[in-house]
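Per-entry structural report
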Amino acid sequence: SQQGEEDPQALSIQEGENATMNCSYKTSINNLQWYRQNSGRGLVHLILIRSNEREKHSGRLRVTLDTSKKSSSLLITASRAADTASYFCATDALMDSSYKLIFGSGTRLLVRP
Amino acid sequence: GAGVSQTPSNKVTEKGKYVELRCDPISGHTALYWYRQSLGQGPEFLIYFQGTGAADDSGLPNDRFFAVRPEGSVSTLKIQRTERGDSAVYLCASSSGTGTHEQFFGPGTRLTVL
């Protein structure tokens, strides 16, 4: 079973607007990562935030992490049509020596030109 | 190659048949993971290799699934007596070592069991 839940499940916005996706998880974690997936195939790593960090930026991406609420958000600013994809958060559980990723169910983002 | 490669990209088989899915990780990456992704869902962990050994196979759904990595590089996921419920995209990922690292994913193999 998957650990994470993401909301919204689907998001449709106009090009140029900001997109915010949220992720919740259940157990204590080492780190949280966000991935992007086009057309249901390979995933592309976007950003990793460690459990002792609260906010991280990478280009147009901003990720926050609230370990007390076991939640994270991904903000994409000034969205482009090319940002259309599915976005997943993934965590690796504290004390899990395999560092396997537990994925959320994803948010499908549609950016309308 | 520069990235993780997986073959075949698509595999159609009949119920009850045996299939093998191959993953070629990034050169030098010691950690290799297999995940399975059903339509509309996020990937689910199957098995993790550190070097040649399966360090965590807790995600394998049953004993029809088996994976090997005999030389610590290429890995093969083997599914016996396939069932329609095995239809999914099988993703392989590799990373550079122990601890939390970015996992680099291959393009996946789409398995369809008729």
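Analysis parameters
- Residues numbered from 1 in each chain as written.
- Chains lettered and ligands numbered in written order.
- Predicted model: local features only at pLDDT ≥ 70, side-chain atom pairs only at ≥ 80, totals over all residues.
- Heavy atoms only, no water.
- Pairing = 2+ DSSP bridges.
- Helix = DSSP H or I, 4+ residues; strand = E, 2+ residues; numbered from the N terminus.
- Axes fitted to C-alpha atoms, helices over the stretch in contact; angles between N-to-C directions.
- Contact = heavy atoms within 4.5 Å.
- Buried area = accessible area lost by both parts, 1.4 Å probe.
- Salt bridge = Lys/Arg side-chain N within 4 Å of Asp/Glu carboxyl O.
- Polar contact = N/O pair within 3.5 Å; in protein donor to acceptor, adjacent residues only side chain to side chain.
- Nonpolar A, V, L, I, M, F, W, Y, C, P; charged D, E, K, R; others polar.
- Phe/Tyr/Trp six-rings, centres within 6.5 Å; stacked < 30°, edge-to-face > 60°.
- Buried < 20%, exposed > 50% of the residue type's maximum accessible area, 1.4 Å probe, protein only.

**Comments concerning the sheet that holds strand E1 (residues 5–7) of chain B**
All names here are of chain B. Pairing is antiparallel across the open sheet formed by four strands, whose spatial order is E1-E3-E8-E7. Where the open sheet ends on each side, the last strands, each with one partner, are E1 and strand E7 (65–68). Sheet twist, expressed as the mean angle between neighbouring strand axes with direction ignored, is 15°. Where strand E3 (residues 19–24) lies against strand E8 (residues 75–79), five bridges are found, and the strand directions are antiparallel. Following the sheet pairing, Val 19 is matched in E8 by Ile 79.

**A short note on the interface of chain A and chain B**
Counting residues at the interface gives 26 residues for chain A and 27 residues for chain B. Summed over both sides, the interface between chain A and chain B buries roughly 1,900 Å², with carbon and sulfur atoms accounting for 49% of that surface. Across the chain A-chain B interface, the total number found is one salt bridge. Residue Lys100(A) pairs with Asp56(B) through a salt bridge whose shortest N-O separation is 2.9 Å. Our enumeration of links across chain A and chain B arrives at seven residue pairs in polar contact (both at pLDDT 80 or more). Breaking the side of chain A that touches chain B down by element, the ones donating at least two residues are strand E4 (29–37), strand E5 (43–50) and strand E9 (85–93) of chain A. Residue contributions to the side of chain A that touches chain B peak at five residues, all from E4(A). Here the residues of the side of chain A that touches chain B are counted per class, giving seven nonpolar, 14 polar and five charged.

**Structural notes on the packing of aromatic side chains**
Scanning all chains against the criterion turns up nine aromatic pairs over all chains. Taking 5.4 Å as the distance between ring centres and 80° as the angle between the ring planes, the aromatic pair formed by Tyr35(A) and Phe105(B) counts as edge-to-face. Of this pair, Tyr35(A) sits in strand E4 while Phe105(B) sits in strand E10 (residues 104–105), each in a different chain. With a centroid separation of 6.1 Å and an interplanar angle of 75°, the aromatic rings of Tyr35(B) and Phe45(B) are classed as edge-to-face. Taken as a pair, Tyr35(B) in strand E4 (residues 31–37) and Phe45(B) in strand E5 (residues 44–50) lie far apart in primary sequence, ten residues in all.

**Things to note about unusual backbone geometry**
A cis amide bond, omega 0°, links Asp7(A) with the succeeding residue Pro8(A). Considering the arrangement of structural elements, one finds Pro8(A) in the loop between strand E1 (5–7) and strand E2 (10–14). A cis amide bond links Thr7(B) with the next residue in sequence, Pro8(B), at an omega value of -10°. With respect to the helices, strands and loops of the structure, Pro8(B) is situated in the loop between E1 and strand E2 (10–13). Non-glycine residue Arg81(B) carries a positive phi angle of around 45°. Within the element layout of this structure, Arg81(B) appears in the loop between E8 and strand E9 (88–95). With a relative accessible area of 47%, Arg81(B) lands in the partly exposed category.

**Here we look at the pattern of salt bridges**
One pass over the structure, following the stated rule, counts seven salt bridges over all chains. The salt bridge partner of Arg60(A) is Asp83(A), with a shortest N-O separation of 2.9 Å. Of this pair, Arg60(A) sits in the loop between strand E6 (55–58) and strand E7 (61–66) while Asp83(A) sits in the loop between strand E8 (71–76) and E9; the two residues are 23 residues apart in sequence, bridging distant segments of the chain. Given a relative accessible area of 22%, Arg60(A) falls into the partly exposed group. For Asp83(A), a relative accessible area of 7% gives the class buried. For Asp86(B), the salt bridge is made with Arg64(B), and the minimal N-O distance between the two is 2.8 Å.

Nothing here speaks to function; it is geometry throughout.
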